[in-house]
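Spelled out, the chains give:
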Amino acid sequence: MIEISNLSKRYGNFDALKDINLTISKGTVFGFVGPNGAGKSTTMSILATLVLPSSGTARVGGYEVTEYPKEVRKKIGYMPDFFGVYDQLKTIEYLHFYGASYNIPRSEREKLIPQLLDLVNLSDKSDSYVDSLSRGMKQRLCLARCLVHDPEVLILDEPASGLDPRARIEMREILKELKLMGKTIIISSHILPELAEMVDEIGVIEHGVMVAQGKVSDIQNRLRVKKILHIRTMERQEELTAFLRDEAFVSGVLSDNTGVHVHFSGGEEEQASLLQQMISLGYPVLSFNEAQTNLEDVFLEITKGGLGQ
Ligand SMILES: Nc1ncnc2c1ncn2[C@@H]1O[C@H](COP(=O)(O)OP(=O)(O)OP(=O)(O)O)[C@@H](O)[C@H]1O
């Protein structure tokens, strides 16, 4: 459904995208992950026919974006990271406006819009002015707007940004429904856990380069991270962190207010011996657990150069 080949984008002397290749099949939910400024929005704007690539090609449903932009626009629903909402309109008028701009006859819109409002949980706000809606509601309204012409592909640029945890969950539930409806979805975020539950595949982009892509489980397998150990001490956490960094089978150490997280590639014997050493060195260990690796660990491992080296 989406095919990107050798795509590059230059702004002046700056390479925002460098030779990106990406294929996303129909019905896939693809999580596009990367730190701020990595090139996610640029890629998505090119797919949405709003930015021209410097070289390479991008196809949506077989149509090349620069040659057949009108065809591409029929196929996609695009939610930008920043968007305006016409404040003087009521929610229902807003959706009628967008429906009309896609030439959907009023009689059809009368049936469609209540369904869309129901999907994004805004039925009770249909007569409210857009500027009276909360940020989460506005984001959901924007999502509904993307759906008026029943596009096959959704390009969603950070749809959950700036939302509180509850609003994020609501957004995630709606996206799950869209996935069940068979939509192909490309969704970007710099926050991984919010994507973890719903994506089939991820692509990790950094400094305009796609550093890893594929099924989450395949990417995990390709990495050296075998397991994450979570260690808590009563004191001397900084000292322990420094000690662990130099230990065998340790490929990364992160210290935060929940304890020390160690990327560990040893087996059970090595794990037991590590604990023994810590005890014999007098670290007051409170707990020593094996944690499940999650998408965030994968991301940290990749973006510190684990795959690229
Ligand atoms: N119109 C432009 N002119 C010059 N540089 C630009 C322009 N648009 C984007 N850039 C630069 O290209 C790089 C990629 O930007 P992009 O918005 O695609 O990143 P992003 O991954 O979406 O980041 P964020 O999560 O912050 O939105 C950034 O360094 C940005 O400053």
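Residues numbered from 1 in each chain as written. Predicted model: local features only at pLDDT ≥ 70, side-chain atom pairs only at ≥ 80, totals over all residues.

Looking at an unreviewed UniProt entry, the chain carries the name ABC transporter, with the source organism given as Paenibacillus glacialis. Turning to the chain, the UniProt record has this under Sequence similarities (unreviewed entry): "Belongs to the ABC transporter superfamily." (UniProt positions renumbered as here; feature names shortened; annotations may be inferred.)

This next bit is on the overall build of the chain. The helix and strand tally for the chain stands at 11 helices and 14 strands. Nonlocal contacts in the chain, meaning residues at least 24 apart in sequence, comprise 67% of its contacts between residues at least 6 apart. (Helix = DSSP H or I, 4+ residues; strand = E, 2+ residues; numbered from the N terminus. Contact = placed C-beta atoms within 7 Å.)

Looking at the ligand, there are 13 residues lining it, with Tyr 11, Ala 16, Asn 36, Ser 41 and Thr 42 nearest. No other element matches helix α1 (residues 40-47), which puts three residues into the shell around the ligand. Tallied by class, the residues present in the shell around the ligand amount to four nonpolar, seven polar and two charged. (Near = placed C-beta within 6 Å. Nonpolar A, V, L, I, M, F, W, Y, C, P; charged D, E, K, R; others polar.)

With that settled, consider the nonpolar core. One broad rule of soluble globular proteins: the nonpolar side chains tend to lie buried together. If you look at the biggest cluster of nonpolar residues, it comprises 58 residues, and the most contacted ones within it are Ile 2, Leu 47, Leu 116, Ala 144, Ile 155, Ile 185 and Ile 186. For this core, the element with the most residues is helix α5 (residues 135-147), which contributes seven residues. Contact partners of Ile 185, with chain neighbours within four places excluded, come to Val 29, Phe 30, Leu 154, Leu 156, Leu 175, Leu 178 and Lys 179. (Core = buried A, V, L, I, M, F, W, Y, C linked by C-beta atoms within 7 Å. Buried ≥ 20, exposed ≤ 12 C-beta atoms within 10 Å, placed from the backbone.)

The α-helix advances 3.6 residues per turn, and as a result positions three or four apart in sequence lie on the same side. For helix α4 (residues 106-119), spanning 14 residues, the distance from its first C-alpha to its last is 20 Å, which sits close to the expected 20 Å at 1.5 Å a residue. Helix geometry: α4 is bent most strongly at Leu 112, by close to 25°, with proline Pro 114 lying one to four residues after it. Restricting attention to buried positions, one finds in α4 the residues Arg 109, Ile 113, Leu 116 and Leu 117. Along its buried surface, α4 packs onto α3 (91-101) and α5. Asn 121, located one to two residues past α4, shows a positive phi value of around 55°. (Expected span 1.5 Å × (residues − 1). Bend = angle between axes of the 7 residues up to and from the residue.)

Our next topic: the environment of Leu 229. One can find Leu 229 in strand β11 (residues 227-233). By C-beta crowding, Leu 229 is classed as buried, having 21 other C-beta atoms within 10 Å. Spatially, the C-alpha atom of Leu 229 lies 25 Å from that of Met 198, the residues being 31 residues apart in sequence. Once residues within four sequence positions are removed from consideration, Leu 229 is found in contact with Val 262, Phe 264, Phe 288 and Glu 290.

With that out of the way, let us pick up the pairing of strand β12 (residues 250-256). Pairing of β12 with strand β13 (residues 259-264) involves six bridges; the strand directions are antiparallel. Looking across to β13, one finds that Val 250 is bridged to Phe 264. (Pairing = 2+ DSSP bridges.)

A few words now on the domain arrangement of the chain. Entries for the chain in the domain assignment read domain 1 (2-214) and domain 2 (226-292). Taking the mean C-alpha position of each, domain 1 and domain 2 sit 41 Å from one another. (Domains from an automatic or database assignment.)

As summarised here, the arrangement of the four strands in space is β12-β13-β11-β14, forming an open sheet in which the pairing is antiparallel. In this open sheet, the two edge strands, each paired with only one partner strand, are β12 and β14 (285-291). With strand direction ignored, the average angle separating the axes of adjacent strands in the sheet is 20°. Two elements, β11 and β14, share six bridges in a ladder whose sense is antiparallel. Across the sheet, the residue bridging to Arg 232 is Ser 287, located in β14. The sheet contacts of helix α9 (residues 237-245) involve β11, β12 and β13, and relative to β12 the element is tilted by about 170°. (Axes fitted to C-alpha atoms, helices over the stretch in contact; angles between N-to-C directions.)

The subject of this paragraph is the packing of α5 against helix α6 (residues 165-180). Taken N-terminus to C-terminus, the directions of α5 and α6 make an angle of 15°; their axes are 10 Å apart at the nearest point. Considering the angle they form, α5 stands roughly parallel to α6. Between α5 and α6 lies a crossing of right-handed hand. Mapping the contact onto sequence places Gly 136, Gln 139, Arg 140 and Leu 143 in α5 and Ala 167, Glu 170, Met 171 and Ile 174 in α6. By residue class, the composition of the contact of α5 with α6 is four nonpolar, two polar and two charged. (Parallel < 35°, antiparallel > 145°, perpendicular 65-115°, else oblique. Left-handed = near helix turned anticlockwise from the far one by under 90°.)

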